[in-house]
Amino acid sequence: MQDIKIAIIGLGYVGLPLARLFATKYSVVGFDINQNRIDALRSGKDTTLEVEDDVLQSVLKKSSSSEVGLYCSADLEDIRDCNYYVVTVPTPVDKNNRPDLTPLYKSSETVGKVLKKDDIVIYESTVYPGVTEEECIPVLEKVSGLKFNKDFYAGYSPERINPGDKKHTVEKILKVTAGSTPEIGKKVDDLYASVITAGTHLAPTIKVAEAAKVIENSQRDINIAFVNELAKIFNLMNIDTNDVLAAAGTKWNFLPFKPGLVGGHCIGVDPYYLAQRAQEFGYHPEIILAGRRLNDSMGQYVASEVIKLMVNHDIRIKGANVLVLGVTFKENCPDVRNTRAVDVIEHLKGFGTQVTIFDPWANPEDVKHEYNLETTNDLPSQKFDAIVLTVAHKEFLNINLGDILEPNGVLYDVKGILKENVHGRL
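Here is what the cut-offs are and how they apply
- Residues numbered from 1 in each chain as written.
- Predicted model: local features only at pLDDT ≥ 70, side-chain atom pairs only at ≥ 80, totals over all residues.
- Heavy atoms only, no water.
- Pairing = 2+ DSSP bridges.
- Helix = DSSP H or I, 4+ residues; strand = E, 2+ residues; numbered from the N terminus.
- Contact = heavy atoms within 4.5 Å.
- Axes fitted to C-alpha atoms, helices over the stretch in contact; angles between N-to-C directions.
- Phe/Tyr/Trp six-rings, centres within 6.5 Å; stacked < 30°, edge-to-face > 60°.
- Buried < 20%, exposed > 50% of the residue type's maximum accessible area, 1.4 Å probe, protein only.
- Lys NZ or Arg CZ within 6 Å of the ring centre and 35° of its normal.
- Expected span 1.5 Å × (residues − 1).
- Polar contact = N/O pair within 3.5 Å; in protein donor to acceptor, adjacent residues only side chain to side chain.
- Parallel < 35°, antiparallel > 145°, perpendicular 65-115°, else oblique.
- Nonpolar A, V, L, I, M, F, W, Y, C, P; charged D, E, K, R; others polar.
- UniProt positions renumbered as here; feature names shortened; annotations may be inferred.
- Patch = residues over 30% accessible without salt bridge, like charges linked within 9 Å, V, L, I, M, F, W, Y side chains within 5 Å.
- Areas by Shrake-Rupley, 256 points an atom, 1.4 Å probe, with all protein chains shown as cover.
- Salt bridge = Lys/Arg side-chain N within 4 Å of Asp/Glu carboxyl O.

- Within an unreviewed UniProt entry, the label attached to the chain reads Nucleotide sugar dehydrogenase, and the organism entered is Aquimarina gracilis.

Have a look at this one:
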């Protein structure tokens, strides 16, 4: 394995941690089409905060040479002499929640331009079963002029990165692997096993590995939908959902899911990939899509509950000042992709309120670009008629919210983390 040279295609939340890990043992070129991203990484800075700056700097090298370490580049020539290509681009959905494979097609075209005999292309992007061999491989063959499983080979090892999680880092999460032939499967598995301390699981086929990944997040989505529905029911009964879950959780086999807004690039997206594929085979997946519909409706539900509380507190809705705490898709993480906090914000605005968004983690430029919303990294000093906590950032636990809440104001806690006398929560 000493002759291995790896190209990581896409240096986002998934690609950079993987590139850093491989670079502790192999020569790695991290490739990304975003030159600003490359410039930041070359300076030893990771704006996603997934890799600490000193850790990143410890593996950086100044050229695409064969020595162990990581070189970041936007130049196609720098990955031409690699023999393993690992694709880690995002797999989003379009406005109609249909899978958008454009990033996979584009990255496959990129790899196809430099693909050589005996090279192995490994995909990590979450997809429905069949995408690697039926969608990506034909692009590689067309662009490279090479024949699949004769001139070049493929593998699949679904990403299991948990953004913002400093405990379950990439090397500490067991990795599923697969190859386009049994021999290639073994090579792919050996490659990951050499750096993944948690171990690997070699699946029999690429489709099995693809399916395993997509159902992981679909299962979580359905379980969260169930507790979200429970929250709606118990709110009608004036019962605290968190108290119910704490009591039920005393049984050894009760699953500890909590209600909330379900967004991000995985749980809020992957079920649509599986549903789309199922429908292509003539099956309508009722439970999967029902869970998605319920979870997608939670932003509107939260906004409506807040407005009801404001009415009960005799607060004039039109023009009321509302502070939303958090706009990222999860706590202690700057990732704003597919965040459902924006649903709460848009519905609150729809009622005529004036919404201020405070998030110490989110980059205001990213939020503006993605959602055309203004945000601040500094806690406002004015008084608010309502405060809605949508994301459980650790910083919010140290704020005396009573200082910025009007005497008759409403405090609504989506995440159930506040110690204050909240007026409503999921």
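After presenting the structure, the write-up continues.
**Digging into the sheet that holds strand β13 (residues 424-425)**
Thought 1: Strand order across the open sheet formed by 5 strands is β10-β9-β11-β12-β13, with parallel pairing between neighbours. Edge positions in the sheet fall to β10 (354-358) and β13, since each has one partner strand and no second.
Thought 2: Direction of pairing for strand β12 (residues 405-413) relative to β13: parallel, over a ladder of 2 bridges. Looking at the pairing, Tyr-412 lines up with Gly-424 of β13.
Thought 3: The strands touched by helix α11 (residues 298-312) are β9 (321-325), β11 (384-389), β12 and β13; relative to β12, the strand with the most contacts, the crossing angle is about 155 degrees.
Thought 4: Helix-sheet contacts for helix α12 (residues 341-350) involve β9, β10 and β11, and the interaxial angle to β10 is about 160 degrees.

**Here's the deal with the packing of aromatic side chains**
Thought 1: Counted by the stated rule, this structure contains 5 aromatic pairs.
Thought 2: Between Phe-148 and Phe-152, the aromatic rings sit 5.7 Å apart at their centres with planes inclined by 45 degrees, giving tilted as the arrangement.
Thought 3: Judged by its relative accessible area of 19%, Phe-148 falls in the buried class.
Thought 4: One aromatic cluster is present, built from ring pairs that chain together Phe-22, Tyr-26 and Tyr-192.
Thought 5: The ring of Trp-252 carries the charged tip of Lys-251 above its face, separated from the ring centre by 5.4 Å.

**Concerning α11**
Thought 1: For α11, built from 15 residues, the straight-helix expectation of 21 Å at 1.5 Å per residue is met to within 8% by its first-to-last C-alpha distance of 21 Å.
Thought 2: Those residues of α11 that sit buried are Met-298, Gly-299, Tyr-301, Val-302, Ala-303, Glu-305, Val-306, Ile-307, Leu-309 and Met-310.
Thought 3: Positioned one or two residues after α11, Asp-314 has a phi angle of 60 degrees, which is positive.

**Brief notes about the side chain of Ser-180**
Thought 1: Within the fold, Ser-180 resides in the loop between β7 (175-179) and α6 (182-193).
Thought 2: Using a relative accessible area of 16% as the deciding quantity, one classes Ser-180 as buried.
Thought 3: A polar contact of 2.7 Å, which involves the side chain of Ser-180, links it to the side chain of Asn-149.
Thought 4: Excluding anything up to four places from it in sequence, Ser-180 contacts Phe-148, Asn-149, Tyr-153, Ala-154 and Ile-206.

**Digging into helix α13 (residues 364-371)**
Thought 1: Backbone nitrogen of Glu-365 and a side-chain oxygen of the N-cap are separated by 2.9 Å at the start of α13; the cap is Asn-363.
Thought 2: Count one or two residues on from α13 and you reach Asn-372, which has phi positive near 55 degrees.

**Here's the deal with the packing of helix α7 (residues 206-236) against helix α8 (residues 241-248)**
Thought 1: Here α7 crosses α8 at 120 degrees, and the two axes come no closer than 9 Å. Judged by the inter-axis angle, α7 sits oblique to α8. In contact with Val-227, Leu-230, Ala-231, Phe-234 and Asn-235 of α7, α8 contributes Thr-241, Val-244 and Leu-245.
Thought 2: Partitioning the contact of α7 with α8 into residue classes produces 6 nonpolar, 2 polar and no charged.

**Concerning the UniProt feature "domain: UDP-glucose/GDP-mannose dehydrogenase C-terminal" (unreviewed entry) in the chain**
Thought 1: In this structure's numbering, the residues bearing the UniProt feature "domain: UDP-glucose/GDP-mannose dehydrogenase C-terminal" (unreviewed entry) are residues 323-420.
Thought 2: In residues 323-420, helix accounts for 18% and strand for 23%; the two terminal C-alpha atoms are 16 Å from one another.

**Some thoughts on a nonpolar patch on the surface**
Thought 1: Taken together, the side chains of Ile-233, Leu-236, Met-237 and Ile-239 present a nonpolar region at the surface, about 410 Å² in accessible area.
Thought 2: The residue Ile-233 is located in helix α7 in this model.

**Looking at the side chain of Asn-295**
Thought 1: Along the polypeptide, Asn-295 turns up in helix α10 (residues 286-296).
Thought 2: Beyond its immediate sequence surroundings of up to four residues, Asn-295 is in contact with Asp-221, Ile-224, Ala-225, Asn-228 and Val-262.

**Quick look at the pattern of salt bridges**
Thought 1: On inspection of all chains with the given rule, the structure shows 22 salt bridges.
Thought 2: The shortest N-O distance in the salt bridge between Glu-77 and Arg-80 comes to 2.9 Å.
Thought 3: Taking the relative accessible area as the measure of exposure, Glu-77 reaches 46% and is therefore partly exposed.
Thought 4: A salt bridge links Asp-119 to Lys-116, with the shortest nitrogen-to-oxygen separation between them at 3.0 Å.
Thought 5: On the accessibility criterion, Asp-119 (2% relative accessible area) is buried.
Thought 6: On the basis of relative accessible area, Lys-116 is assigned to the partly exposed category, the value being 29%.
Thought 7: Overlapping salt bridges bring together Glu-134, Lys-207, Arg-277 and Glu-280 as one network.

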